[in-house]
Amino acid sequence: MDGVTQFLRFTSFANFTWGHLVMLAIGCLFIFLAIKKEYEPLLLIPIGFGILIGNIPFFENVGLQIGIYEEGSVLNYLYFGVTKGIYPPLIFLGIGAMTDFSALLSNPKLMLLGAAAQVGIFLTFMAALVLGFTQEQAAAIGIIGGADGPTAIFLSSRLAPELIGAIAIAAYSYMALVPVIQPPIIKLLTSKEERVIRMKPPRSVSKLEKILFPIVGLLLTTFISPGALPLLGMLFFGNLLKESGVTKRLSDTASKAMIDIVTILLGLTVGASTQATTFLTPQSILIFVLGAVSFAIATAGGVIFAKVMNLFLKGDERINPMIGAAGVSAVPDSARVVQSLGLKEDSSNYLLMHAMAPNVSGVIGSAVAAGILMGFLLKAV
Amino acid sequence: MIIQEITKTDSLSAIKDTVIQSSANTLGEITFAPEKLLESNGLMISIVGYGIVFLALLLLYLFIRTLTKTLFTKQKKRLIAKGESIHPEVDLSVPGEVTAAIGMAINLYFDSQHDIESTVLTIKKVQRPYSPWSSKLYGLRHYPNK
């Protein structure tokens, strides 16, 4: 009889809390959104299922070695890549190998939109400080505004590892919810006339320009912000693999098999890290709120800056201010949102290529911002 | 081994309490302290940080612009030296509708291609024995008029 009692104590029913139920429901919601609404399924399916895995209640801290926070467990080993910031640079390598910077190279002034949208990071950093978070935690929360999951994980693994689960979930959730969050902000800040502005088609870009860009881009950005080296180094390396034209096999592996493997491991472990016993706290909810604010400010920052740029541009040089919203680095979701909004206003106005420019520039901008914050704050750690 | 370890602990709820308490302690309490902005140099970090992001991307922009101009100038000189006509303003852009039409045509073309034809015939004679479960008569919602 003792054996049966012992067994029952080990079942999930005996260790169940309402927190687990809430988290399981959130996991199911993520999976639903991914399948039914097709919101970033490549991210939401692994994260959603990871949440389910991480929230199966079990008898903790007795050496079973099954939980993600228990040393020696398989999940703990896989989570090592998140806590030590290994996965984000590998993801950046894949992104670099997939990204075509032609749109940016053909109209480089759009790069400034990617810088403008980073305002969300710094305003949220200040807001988090005011709300009582430490400098390091505030910086890690602020980076959610960059809408860049790998960068958010990378920075929080360095500055505030205790918040990594909440920050990663918030960052990826908002990346997935780009089609829901951005359109109302864009519409609020732009007029009908502005939304139908047609932009000059991008010019063709030479191979030499494409090859030089990752090399010079790396040198310029990492000399200013060396903290971003692991991310930007991999991003530009991946891009050189693609653009050089002589390393097709490496570029294919980085942009397909490798990024897929890392995405699976990252998504699953980030999801599993949301164990209800450590995740469901008032701070986590506050992080979610701050993340949403940060993302909204970043979107608004890009759109407003595009409008300001238009004050100095004439004729066909003018830009459609909607593409400013793509300055957040959710690639290519924000660019797609701008494209669909543009088509709604004018069915023959294709903005995708134009929006890709600030979008990829946002990736560089948010990584630079992360490097700067590390530069300022790592001294204090 | 596990059973021994369990007996060392007081109870299941005690373990849970310890975990929850430790996580709460790690994260601290939510407060509202505007003075922390100045005390912890938050304002300075934000302004300088944002400025540096802009500077980094501005430098990159200036570099690309200069590179593009240099490349065009060199190409121009090369063409002049060869005695060929210069068309620096050639518009290589293609309207969206044309791109869409080309995409559609390519899609239709490749869809109609069969690289490998299957030579296996799959036509099979299927016997359909009578069954009241699949009988049309029983499936009718209205009886036919007699």
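Everything numeric here is computed off the predicted structure, so don't read it as measured data.

Caption draft 1: Molecular detail of the overall build of chain B. Of the regular secondary structure elements, chain B holds 6 helices and 0 strands. Burial status across chain B gives 16% buried among its 146 residues. Carbon and sulfur atoms make up 61% of the accessible area of chain B, which totals about 12700 Å².

Caption draft 2: Structural context of the side chain of Thr11(A). Counting through the fold element by element, Thr11(A) comes out in the loop between helix H1 (2–10) and helix H2 (18–36). Within the local environment of Thr11(A), its side chain forms a polar contact with the backbone oxygen of Leu8(A), the two atoms lying 2.8 Å apart.

Caption draft 3: The interface of chain A and chain B, seen in detail. Across the boundary between the two partners, chain A contributes 67 residues, which contact 51 residues of chain B. Both faces combined, the contact of chain A with chain B buries some 5000 Å², and carbon together with sulfur accounts for 78% of it. At the junction of chain A and chain B, the tally comes to 4 residue pairs in polar contact (both at pLDDT 80 or more). Sorting the residues of the side of chain A that touches chain B by element identifies H1, helix H7 (111–116), helix H8 (119–130), helix H9 (135–142), helix H14 (207–224), helix H17 (276–279), helix H18 (282–312) and helix H20 (352–377) of chain A as the ones contributing at least two each. Across the side of chain A that touches chain B, the residue classes tally to 39 nonpolar, 22 polar and 6 charged.

Caption draft 4: View of a positive patch on the surface. Residues Lys74(B), Lys77(B), Arg78(B) and Lys82(B) make up a contiguous surface patch of positive charge. Following the sequence through the fold, Lys77(B) ends up in helix H4 (residues 42–82).

Caption draft 5: Broad picture of the nonpolar core. Of all hydrophobic cores here, the largest spans 125 residues; its most connected members are Phe133(A), Ile141(A), Phe213(A), Ile287(A), Ile319(A) and Ile364(A). For Ile364(A), the contacting residues outside a window of four places in its chain are Phe101(A), Phe213(A), Thr221(A), Leu232(A), Leu235(A), Phe236(A), Leu57(B) and Leu60(B).

Caption draft 6: Seen up close, the confidence of the model for chain B. Confidence along chain B averages 71 in pLDDT terms, with 59% of residues attaining 70 or more. In this model, residues 1–27 of chain B is a region of pLDDT below 50 whose contacts with residues beyond four sequence positions or in other chains number 37 contacts.

Caption draft 7: Inspection of the pattern of salt bridges at higher detail. All names here are of chain A. Under the criterion given, the structure shown has 10 salt bridges over all chains. A salt bridge links Glu345 to Lys192, with the shortest nitrogen-to-oxygen separation between them at 2.8 Å. Here Glu345 is found in helix H19 (residues 333–345), whereas its partner Lys192 is found in helix H13 (residues 192–195), with 153 residues between them in sequence. With a shortest N-O distance of 2.8 Å, Glu209 and Arg203 are connected by a salt bridge. Classification of Arg203 by relative accessible area gives partly exposed; the value is 25%. Salt bridges linked by common partners bring Lys109, Lys200 and Glu317 together as one network.

Caption draft 8: The arrangement of the packing of aromatic side chains in detail. For the coordinates displayed, the defined rule picks out 10 aromatic pairs over all chains. Between the aromatic rings of Tyr50(B) and Phe54(B), the centroid separation amounts to 5.4 Å while the plane-to-plane angle is 85°, which identifies the pairing as edge-to-face. Highlighted residues: Tyr50(B) and Phe54(B), both in helix H4, separated by 4 residues, approximately one helical turn. Three or more aromatic residues joined by ring pairs make a cluster, and in this case those are Phe122(A), Phe305(A), Tyr50(B) and Phe54(B).

Caption draft 9: Focus on the environment of Thr299(A). Residues and elements named next belong to chain A. Along the chain, Thr299 falls in helix H18. Through-space distance from the C-alpha of Thr299 to that of Gly145 is 8.8 Å; in sequence the pair is 154 residues apart. With residues up to four places along the chain from it excluded, the contact list for Thr299 reads Gln182, Ile185, Ile186, Ala325 and Val328. In this structure the side chain of Thr299 is engaged in a polar contact, spanning 2.9 Å, whose partner is the backbone oxygen of Phe295.

Caption draft 10: Broad picture of the layout of surface pockets. Residues and elements named next belong to chain A. Put simply, the second largest pocket is a space of about 970 Å³. Lining of the second largest pocket is provided by 37 residues; of these, Glu40, Leu42, Val331, Pro332 and Asp333 occupy positions nearest its centre. Every element with two or more residues in the lining of the second largest pocket is listed here: helix H3 (41–54), helix H5 (87–98), helix H10 (149–159), helix H11 (164–176), helix H12 (178–189), helix H16 (248–272), H19 and H20. A breakdown of the residues in the lining of the second largest pocket according to their chemical character gives 24 nonpolar, 6 polar and 7 charged.

Procedures and definitions
Residues numbered from 1 in each chain as written. Chains lettered and ligands numbered in written order. Predicted model: local features only at pLDDT ≥ 70, side-chain atom pairs only at ≥ 80, totals over all residues. Heavy atoms only, no water. Helix = DSSP H or I, 4+ residues; strand = E, 2+ residues; numbered from the N terminus. Buried < 20%, exposed > 50% of the residue type's maximum accessible area, 1.4 Å probe, protein only. Areas by Shrake-Rupley, 256 points an atom, 1.4 Å probe, with all protein chains shown as cover. Polar contact = N/O pair within 3.5 Å; in protein donor to acceptor, adjacent residues only side chain to side chain. Contact = heavy atoms within 4.5 Å. Buried area = accessible area lost by both parts, 1.4 Å probe. Nonpolar A, V, L, I, M, F, W, Y, C, P; charged D, E, K, R; others polar. Patch = residues over 30% accessible without salt bridge, like charges linked within 9 Å, V, L, I, M, F, W, Y side chains within 5 Å. Salt bridge = Lys/Arg side-chain N within 4 Å of Asp/Glu carboxyl O. Lys, Arg positive; Asp, Glu negative; His and termini not counted. Charge placed at Lys NZ, Arg CZ, Asp CG, Glu CD. Core = buried A, V, L, I, M, F, W, Y, C linked by side-chain atoms within 4.5 Å. pLDDT = per-residue confidence, 0-100. Phe/Tyr/Trp six-rings, centres within 6.5 Å; stacked < 30°, edge-to-face > 60°. 1 Å grid on protein atoms, 1.4 Å probe; cavity = no way out; pocket = protein on both sides within 12 Å on 5 of 7 lines; lining within 4 Å. Points joined across faces, edges and corners; volume = space filled by probe spheres on them.

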